Amino acid sequence: MLDNVNIVLSHTSHPGNIGATARAMKTMGIANLILVHPKKFPSAEATVRAAHADDVLEHAVVVDTLDEGLKECSLVVGTSARSRYLDAPLLTARELAEKLVGEYRDEKVALLFGTESAGLTNEEVSRCHYHVYIPANPEYSSLNLASAVQLISYELRVASLGNIAEQTRKFKVKDDAKTKPVTAEQMEGYYQHLEETLIQTEYLDLKHPKMLMSRLRRLYNRARPDHSEMQILRGILSAIQKGFKNPKAF
Ligand code: SAH
């Protein structure tokens with residue numbers, strides 16, 4: 001999903017912000033930067049602020065107009081500190097990230113950032129399918145441009161990692177029934193077996209049980225054993241009991 005994301009900076013005034021944006025992007029695994037008519041670029045200041053993300057600057061696409069900047073994207077998302085743009089649905093950065101890993105996973109997306117002084121123009125606003133905002137302090141909600149890129153990119157990254165983890169989990173469950181936690185009935189069978197064995201070994205004295213079984217239940221509830229672990233646990237108990245029947249084996 002992150003490969004489909006294009007960070008589009010419109011008419012940026014300060015080259016330092018372009019460099020800091022490149023760094024923000026690279027740390028979150030986003031590589032595509034489009035600069036629409038930057039005031040000054042390339043620039044030594046941008047390169048210094050990019051630090052080890054200077055490759056993002058080298059590959060940045062510089063264009064003159066918004067049309068050129070957006071031409072390959074099917075979804076355009078404007079970013080703004082203000083919620084004045086009521087003509088398109090307004091999302092928080094987190095909500096946007098969920099949509100991008102979900103319904104818009106295969107689309108090329110432009111995330112459009114406005115100028116430092118005035119934000120997005122009306123024309124830019126009119127091109128957006130969604131508007132996204134970082135729910136900052138309402139008394140001062142205007143973040144530095146590169147900071148806004150950093151936070152939105154972070155949400156996209158977290159959502160894309162969550163998606164991978166979820167897919168892997170689903171795959172595992174489907175693929176391997178052994179990793180499913182055992183049922184309550186199987187747990188009860190195990191507790192009976194365990195209690196019986198603990199009495200045989202005299203570790204559990206029924207006259208002074210000291211809440212042993214309920215403490216062990218708490219421990220196993222935290223662990224939620226799966227089927228293959230339950231086989232091991234049962235196997236250990238059976239081996240102990242076998243030893244009792246045949247003490248010479250010890
Ligand atoms: N003075 C401008 C703010 C410019 S900040 C204004 O009032 O609109 C530069 C850019 O950073 C904004 O155009 C927007 O793209 C982004 N930005 C800053 N704060 C943001 C926030 N809280 N949520 C989303 N984007 C934000």
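Now for a look at the structure at hand. Model, not experiment: these values are computed from the prediction.

**Some words on the state of the cysteines**
- Taken as a whole, this structure holds zero disulfides when the rule is applied.
- There is no disulfide at Cys73, and the cysteine sulfur nearest it, in Cys128, is 11 Å away.
- Among the residues examined, Cys128 registers a relative accessible area of 9% and is labelled buried.

**Some points on the side chain of Ser153**
- On the secondary structure map, Ser153 appears in helix α7 (residues 145–175).
- Residue Ser153 is classed as buried on the basis of its relative accessible area, which comes to 0%.
- Excluding its chain neighbours within four sequence positions, the residues that come into contact with Ser153 are Ile7, Met28 and Ile30.

**Some points on the sheet that holds strand β5 (residues 90–92)**
- The sheet built from seven strands is open, its strands ordered β3-β2-β1-β6-β4-β7-β5 with parallel pairing. Strands with a single pairing partner mark the edges of an open sheet, and in this sheet they are β3 (61–63) and β5. Within the sheet, the average angular offset between the axes of one strand and its neighbour, ignoring direction, is 25 degrees.
- The pairing of strand β4 (residues 75–79) with strand β6 (residues 109–113) spans four bridges and is parallel. Its bridge partner being in β6, Gly78 is matched across the sheet by Leu112.
- Sitting on the sheet, helix α1 (residues 15–27) is in contact with β1 (5–10) and β2 (32–36), with an inclination near 160 degrees to β2.
- In this fold helix α5 (residues 93–101) packs onto β4, β5, β6 and β7 (130–133), with an angle of close to 95 degrees to the strand it touches most, β5.

**Thoughts on the packing of aromatic side chains**
- Here the structure, examined in full by the defined rule, presents four aromatic pairs.
- With a centroid separation of 6.1 Å and an interplanar angle of 50 degrees, the aromatic rings of Tyr190 and Tyr191 are classed as tilted.
- Owing to a relative accessible area of 2%, Tyr190 belongs among the buried residues under this scheme.
- In this structure an aromatic cluster arises from ring pairing among Tyr190, Tyr191 and Tyr220.

**Some thoughts on the packing of helix α8 (residues 184–200) against helix α9 (residues 212–223)**
- With their axes 11 Å apart at the nearest point, α8 and α9 run at an angle of 135 degrees to one another. Here α8 is positioned oblique relative to α9, judged by the angle of their axes. Between α8 and α9 lies a crossing whose hand is right-handed. On the side of α8, the interface is formed by Met187, Glu188, Tyr190, Tyr191, Leu194, Glu195 and Leu198, while α9 contributes Leu212, Met213, Leu216, Arg217, Tyr220 and Asn221.
- Looking at the contact of α8 with α9 residue by residue, the class counts come to nine nonpolar, one polar and three charged.

**Notes on the site of the ligand**
- Not every one of the 19 residues close to the ligand is listed here, only the nearest: Thr79, Arg82, Ile134, Ser141 and Leu143.
- Within the contact set of the ligand, a nitrogen atom lies 3.2 Å away from a backbone nitrogen or oxygen of Ser80.
- Ser117 is positioned such that a nitrogen or oxygen atom in its backbone is 3.3 Å from a nitrogen atom of the ligand.
- When isolated, the ligand has an accessible area of 540 Å², and the protein chains bury 93% of it.
- Within the residue set of the shell around the ligand, elements represented by two or more residues are β7 and α7.

Cut-off values and rules
- Residues numbered from 1 in each chain as written.
- Predicted model: local features only at pLDDT ≥ 70, side-chain atom pairs only at ≥ 80, totals over all residues.
- Heavy atoms only, no water.
- Disulfide = S-S within 2.5 Å.
- Buried < 20%, exposed > 50% of the residue type's maximum accessible area, 1.4 Å probe, protein only.
- Helix = DSSP H or I, 4+ residues; strand = E, 2+ residues; numbered from the N terminus.
- Contact = heavy atoms within 4.5 Å.
- Pairing = 2+ DSSP bridges.
- Axes fitted to C-alpha atoms, helices over the stretch in contact; angles between N-to-C directions.
- Phe/Tyr/Trp six-rings, centres within 6.5 Å; stacked < 30°, edge-to-face > 60°.
- Parallel < 35°, antiparallel > 145°, perpendicular 65-115°, else oblique.
- Left-handed = near helix turned anticlockwise from the far one by under 90°.
- Nonpolar A, V, L, I, M, F, W, Y, C, P; charged D, E, K, R; others polar.
- Near = heavy atom within 4 Å.
- Polar contact = N/O pair within 3.5 Å; in protein donor to acceptor, adjacent residues only side chain to side chain.
- Areas by Shrake-Rupley, 256 points an atom, 1.4 Å probe, with all protein chains shown as cover.

Nothing here speaks to function; it is all geometry.
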